[in-house]
Amino acid sequence: MSATTEPSAARDPAPDGKPNPLFRNLSAKFASIPMIITALVVFVGGTIWTIVYSFTNSKLLPRTNFVGFDQYERLWSTRRWMVSIENLAIYGICSLILTLVIGFTLAALLDRKIRFENTFRTIFLYPFALSFIVTGLTWQWILNPDFGLQNVVRNWGWESFTFNPLNDPDTVIYGILIAGIWQGSGLIMCIMLAGLRGIDEDIWKAARVDGIGTVKTYLRIILPMMRPVIITSLVLIASGIIKLYDLVVAQTNGGPGIASEVPAKYVINYMFRAQNLGQGFAASTMMLLSVIIILIPWAYLEFGGRKRG
Amino acid sequence: MADTILNPVAEARGPRPKKAFSRANIFIYGTLLLVSVYYLLPLYVMIVTSFKGMPEIRLGNVFGPPLEPTFQPWVKAWAEACTGINCDGLSRGFSNSVKILIPSVTLSILIASVNGYALANWKFKGSETFFTILIIGAFIPYQTMLYPIVIMLREIKLMGSIWGLVLVHTVFGMPILTLLFRNYFTSIPDELFKAARVDGAGFWGIYFKIMLPMSLPIIVVAIILQVTGIWNDFLFGVIYTKPDTYPMTVQLNNIVNSVQGVKEYNVNMAATLLTGLVPLVIYFISGKLFVRGIAAGAVKG
C-alpha cells in the first residue's frame, strides 16, 4: 500500500523523441487500456451512476425520475435497515477490538522464540484460506442447538447449559462474530508478527537492562512503535467489516426474522430480490459514505503532509 | 521472566541455561495450545461429521470420532445432493468453478502484469493518475458497482455466462495485482531495461523476453492470491451467473441452506469440506508464499 505513495521513481522511460506527444509511448498507452477502462468506466463511472440513480424512484428497472432524498428518508425509516446498521455497529466494534487483541497477543506469543512456531502459525492462519460460506456453514453446524456444542455439554451432565446464539435474535450477531473472528484473526496475527519482527533487537536489550518486564515492554514500548502496522490492520479489518455479507448468508441468512441482517445484504436484497433498485442504490451509497468516513482520517494519517506520487 | 525483573545483573553474565518448564513457557505454550483448539475444532468437527451416518449424528456427540466410518456422505455430496430441481451434486459447481477459475486467473494476471510493466517502465502522462484511481477503487464497496456492471454485462451479452464472471473477476482483481506487479517491476534494476532499449527492443519485446520471465516469483504469489480469492467468491457468483453456471460456493450454500427435505448434516459437512478443499490444499502446499500472497492481497480486504 505504501508503494502508491512513493514519489514516482526516477526512471523516466527513454523517450522516443517523436514530435507528437500523443503518439509517444503508444504501446504503453494501448496496453493500459484495460486499466483505464476499469478505473474510469467501472470504478468511477459505476459509482457515480449508482449515486445519481439513488435519487430516483427506480423499481424493477433504472429510471431517471428524480425524487430527491425520498429513498434516503425511506431507508432511514425502515426497521430492517436500522437493524442492519445496529448489527454492523456491534459486529464492527467487537470484531475490531477482539481481532486486534487476539492478533497482537498471538503474534507476541509466537514472537517469544518458541518451538513449533510454523505449526502454530499454520493452525492460526488456515481459516483465512476458507471462504466465508464454508466458515459460516461450519459454525452453523457447531452452534446447532440439537447436535452441536450445547448438546455435547448437556450430555456431559450439565443439563441446563445453554449456548444457542444463532436462534436468539438478541445474540445472533455474536454467533456470527465467533465465526468471523475465527476466519479473520490469523491474517492480523501474521501482519502483527511481521511488524514485531521488524522491531530492533536493541529495544529489547535496553528494556531488559532497565529491568522492564516482558508484558510491560510489549504494552508500553513495542505497541506504540507498531502504530503503522496497527493502522494498516485497522483499515483491513474495517474494510472487511463493511463487506460482511457471505458469512451472514451462509450462517443465518439474516434470521431469525431480520435479527442478523447487515447493510451489504440489505442492498443486494433490494436490488436483486425485492426489485426496488432505488432503495438498493440509496443503501449502497450510504455504505460508500461510511467507507469514505473511515478512509479519510486514515489517508490523512498516512499521507498527511506528504505529496502523493 | 520474573527472575529477569528481580535480578537484571544475572542476565548480563551471558546466556542463561534454558529452562524447558519455566512459568513463562508454560503460560505461552498453554495459551497457544488452548487457542489452537479453537482454530482446529471446526475442521475436526467437519471431518468427523462427514464420515458419520445420520443415525450416529442423531446420537448427538459432534466431537466423537465416527464409530462406523462411511464414505456415503461424500459420494452423495459430490454426485447426488439436490439444489432445486437439479440433483447432480456439487460436481457441477466444481466444474463451473474450474471453468471460471482458469480463464479468470490467466486473464487477470496477464492484464495486470502488462499494466504493472507499463506503469513501472513506460510511464506516460496520466498513467499515475489512472493507477491512483484504480487503487482507490479497491476500497469502494462492491455494492455501489454491482448494478452498473449488470447493465454493462447485458450490453455485451455476457450476463449470466461464465465469461461475464471472468470479466468481473479480472476487473476486481486488477487493483491489487497491478500494484503487486508494478512494485515488482520497479524493483528490477533499471540498467537491464536500458540495455534492452539500446539493443533496440520495444515495449512488447522487453515484456516477453525480459520482464515476464523475470517475474515468475511474483506470478506465483499472484496465482495463489487469485485462485483462493476467486474460488472463495460468493457475491459475484450469485449475482452474475445463473443456476446452470453457479460456482461451487453458491451451489454449496444452496445445498446446505435449502429449506425442503430432511437435513442431512453429514452430507452438508462433506460438501462444505469438498468446497474448502481447493484453497486448503493450496494453503498447505504453498506455505510461506501464501502468507506473502495474502499480505499483498490484504488490500483487497
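Residues numbered from 1 in each chain as written. Chains lettered and ligands numbered in written order. Predicted model: local features only at pLDDT ≥ 70, side-chain atom pairs only at ≥ 80, totals over all residues. Heavy atoms only, no water.

Another aspect to go through is the overall build of chain B. Within chain B one finds 16 helices and zero strands. Taken over 301 residues, chain B has a buried fraction of 54%. Sequence-distant contacts in chain B: of pairs separated by 6 or more residues, those separated by 24 or more amount to 69%. Entry remark: accessible area of chain B is about 13500 Å², with carbon and sulfur atoms responsible for 71%. (Helix = DSSP H or I, 4+ residues; strand = E, 2+ residues; numbered from the N terminus. Buried < 20%, exposed > 50% of the residue type's maximum accessible area, 1.4 Å probe, protein only. Contact = heavy atoms within 4.5 Å. Areas by Shrake-Rupley, 256 points an atom, 1.4 Å probe, with all protein chains shown as cover.)

Counted according to the given criterion, the structure contains 46 aromatic pairs over all chains. Judged by centre distance (5.0 Å) and plane angle (70°), the rings of Trp204 of chain A and Tyr218 of chain A are edge-to-face. Placement of the pair is Trp204 of chain A in helix α9 (residues 201-209) and Tyr218 of chain A in helix α10 (residues 214-225), with a sequence separation of 14 residues. For Tyr218 of chain A, a relative accessible area of 6% puts it in the buried group. For the pair Tyr266 of chain A and Tyr270 of chain A, a centre-to-centre distance of 4.5 Å together with 35° between the ring planes defines the contact as tilted. Linking Tyr266 of chain A with Tyr270 of chain A, this pair stays in helix α13 (residues 263-273), spanning four residues, or about one helical turn. With respect to burial, Tyr266 of chain A and Tyr270 of chain A carry one shared label: buried. Every member of this aromatic cluster is reached through a ring pair, and the members are Tyr117, Trp122, Phe181, Tyr184, Phe185, Phe193, Phe203, Trp204, Tyr207 and Phe208 of chain B. (Phe/Tyr/Trp six-rings, centres within 6.5 Å; stacked < 30°, edge-to-face > 60°.)

Bringing the layout of surface pockets into the picture now. In this structure, the second largest pocket encloses a volume near 800 Å³. If you go around the second largest pocket, you meet 35 residues; those closest to its centre are Val249, Ala250, Thr252 and Asn253 of chain A together with Asn257 of chain B. Elements with a contribution of two residues or more to the lining of the second largest pocket: α6 (132-142), α12 (246-251) and α13 of chain A together with α14 (248-256) and α15 (265-286) of chain B. (1 Å grid on protein atoms, 1.4 Å probe; cavity = no way out; pocket = protein on both sides within 12 Å on 5 of 7 lines; lining within 4 Å. Points joined across faces, edges and corners; volume = space filled by probe spheres on them.)

So, about the pattern of salt bridges. All names here are of chain A. Within the structure shown, the criterion is met by nine salt bridges over all chains. Taking the shortest distance from any N to any O, the salt bridge between Arg80 and Glu261 comes out at 3.2 Å. One end of the pair, Arg80, is in helix α4 (residues 79-110); the other, Glu261, is in the loop between α12 and α13, and 181 residues separate them in sequence. Look at Arg80 and you get partly exposed, because its relative accessible area is 22%. (Salt bridge = Lys/Arg side-chain N within 4 Å of Asp/Glu carboxyl O.)

Contact with chain B, which involves 105 residues of that partner, is made by 102 residues of chain A. Where chain B touches chain A, the interface holds zero salt bridges. For the interface between chain B and chain A, the tally reads 14 residue pairs in polar contact (both at pLDDT 80 or more). A total of 16 residues in the side of chain B that touches chain A trace back to one element, the largest contributor, which is helix α3 (residues 23-50) of chain B. Tallied by class, residues from the side of chain B that touches chain A come to 72 nonpolar, 24 polar and nine charged. (Polar contact = N/O pair within 3.5 Å; in protein donor to acceptor, adjacent residues only side chain to side chain. Nonpolar A, V, L, I, M, F, W, Y, C, P; charged D, E, K, R; others polar.)

This next bit is on the UniProt feature "transmembrane region" (unreviewed entry) in chain B. The UniProt feature table records "transmembrane region" (unreviewed entry) at residues 26-47, 100-118, 130-150, 162-185, 206-231 and 267-285 of chain B. Annotated as 76% helix and 0% strand, the span residues 130-150 of chain B places its first and last C-alpha atoms 23 Å apart. (UniProt positions renumbered as here; feature names shortened; annotations may be inferred.)

With that settled, consider the packing of helix α5 (residues 117-129) of chain A against helix α8 (residues 172-197) of chain A. Residues and elements named next belong to chain A. Relative orientation of the contacting elements α5 and α8 amounts to 135°, with a least axis distance of 5 Å. In terms of orientation, α5 and α8 fall into the oblique class. Once α5 is placed against α8, the crossing between them reads as left-handed. Contacts from Glu117, Arg121, Phe124, Leu125, Tyr126, Pro127 and Phe128 of α5 reach α8 at Trp182, Gln183, Gly186, Leu187, Met189, Cys190, Leu193 and Arg197. (Axes fitted to C-alpha atoms, helices over the stretch in contact; angles between N-to-C directions. Parallel < 35°, antiparallel > 145°, perpendicular 65-115°, else oblique. Left-handed = near helix turned anticlockwise from the far one by under 90°.)

Fine structural detail should not be taken from predicted coordinates in areas where pLDDT scores are low. Residues and elements named next belong to chain A. With 91% of its residues at a pLDDT of at least 70, chain A reaches an overall mean of 85. Highest mean pLDDT in chain A belongs to α4 (93); lowest belongs to helix α7 (residues 149-155) (84). Here residues 1-15 is a poorly scored stretch, pLDDT under 50, and it has 37 contacts once near neighbours within four places are set aside; other chains count. (pLDDT = per-residue confidence, 0-100.)

Here we come to the domain arrangement of chain B. Residues and elements named next belong to chain B. We note that the domain assignment places domain 1 (2-79) and domain 2 (91-300) within chain B. In total, domain 1 and domain 2 occlude about 1400 Å² of area from one another, counting both sides; carbon and sulfur atoms represent 81% of this. When the buried area of domain 1 at its contact with domain 2 is split by residue, Met46, Trp74 and Trp78 rank highest and sum to 42% of it. Remark: the boundary between domain 1 and domain 2 carries one salt bridge. In this structure, the salt-bridge partner of Lys76 is Glu264, at a minimum N-O distance of 2.6 Å. The interface formed by domain 1 and domain 2 holds three residue pairs in polar contact (both at pLDDT 80 or more) in total. For the side of domain 1 that touches domain 2, the elements supplying multiple residues, two or more each, are α3, α4 (54-59) and α5 (72-79). Residues belonging to the side of domain 1 that touches domain 2 are distributed by class as follows: nine nonpolar, three polar and two charged. (Domains from an automatic or database assignment. Buried area = accessible area lost by both parts, 1.4 Å probe.)

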